[in-house]
Amino acid sequence: PLYSSAASDVYKRQKYDTVKCGAVRARFIRESVINMREKLEAIGSRLLVTTEKPEDFIPRLIRSDAENALVYQQEICKEELEIEQAVKEALKKK
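Nothing here was measured: the structure is a model prediction, and the numbers come from that model. (Residues numbered from 1 in each chain as written. Predicted model: local features only at pLDDT ≥ 70, side-chain atom pairs only at ≥ 80, totals over all residues. Heavy atoms only, no water.)

## Side note on helix H3 (residues 54-61)
Then step 1. Taken together, the buried positions of H3 are occupied by Pro54, Phe57, Ile58 and Pro59.
Then step 2. Tucked inside the fold, the buried residues of H3 contact strand E1 (2-4), strand E2 (48-50) and helix H4 (78-93). (Buried < 20%, exposed > 50% of the residue type's maximum accessible area, 1.4 Å probe, protein only. Helix = DSSP H or I, 4+ residues; strand = E, 2+ residues; numbered from the N terminus. Contact = heavy atoms within 4.5 Å.)

As structure tokens, this is what we get:
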């Protein structure tokens, strides 16, 4: 499993000078990722965590000399759909 948190986007000022992720939410996310990593390790798996954008990072994980499968949850929100599309486009270029 992979968790990507493109920190540059999360903490960027939004419309009306608000932040998308405040201190309390950031702490909750951090604790949740640590907990998920620990639970996966307890069953013999690993969680790969990155602050890179998925469209930059995921293509580097794909090997051309092996079979690969990318499994993800289909999103419905505009921003997540844009990221999903960017990953698909980046993988086509590989």
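## A few points about the pattern of salt bridges
Then step 1. In this structure the tally under the stated criterion is five salt bridges.
Then step 2. Taking the shortest distance from any N to any O, the salt bridge between Asp65 and Arg63 comes out at 3.0 Å.
Then step 3. Its relative accessible area of 59% is what places Asp65 among the exposed residues.
Then step 4. Of the charged contacts, one joins Lys88 and Glu84 as a salt bridge, the two residues approaching to 3.8 Å between their closest N and O atoms. In this pair, Lys88 and Glu84 are both assigned in helix H4, four residues apart and thus about one turn of the helix distant.
Then step 5. Looking at Lys88, the relative accessible area reads 35%, which means it is partly exposed.
Then step 6. Judged by relative accessible area, which is 14%, Glu84 ranks as buried. (Salt bridge = Lys/Arg side-chain N within 4 Å of Asp/Glu carboxyl O.)

## Thoughts on a nonpolar patch on the surface
Then step 1. On the surface, Leu2, Leu48 and Leu61 cluster together into a nonpolar patch covering about 210 Å² of accessible area.
Then step 2. Structurally, Leu2 is set in strand E1.
Then step 3. The partly exposed category is assigned to Leu2, whose relative accessible area is 33%. (Patch = residues over 30% accessible without salt bridge, like charges linked within 9 Å, V, L, I, M, F, W, Y side chains within 5 Å. Areas by Shrake-Rupley, 256 points an atom, 1.4 Å probe, with all protein chains shown as cover.)

## What to know about the environment of Arg46
Then step 1. Relative to the assigned elements, Arg46 resides in the loop between helix H2 (23-42) and E2.
Then step 2. For the pair Arg46 and Leu2, spaced 44 residues apart in sequence, the C-alpha separation works out to 8.6 Å.
Then step 3. Not counting residues within four places of it along the chain, the set of residues in contact with Arg46 comprises Pro1 and Leu40.

## Here we look at H4
Given 3.6 residues to a turn, an α-helix orients residues that are three or four positions apart in the same direction.
Then step 1. Compared with the 22 Å implied by 1.5 Å per residue over 16 residues, the 23 Å span of H4 between its first and last C-alpha is a close match.
Then step 2. What H4 keeps buried is the set Glu84, Val87 and Ala90. All buried residues of H4 fall inside an arc of 125° around its axis, so they share one side. When the buried face of H4 is taken as reference, the exposed residues oriented beyond 90 degrees from it are Lys78, Lys92 and Lys93.
Then step 3. Packing partners of the buried residues in H4 comprise H3. (Expected span 1.5 Å × (residues − 1). Arc of directions from axis to C-beta.)

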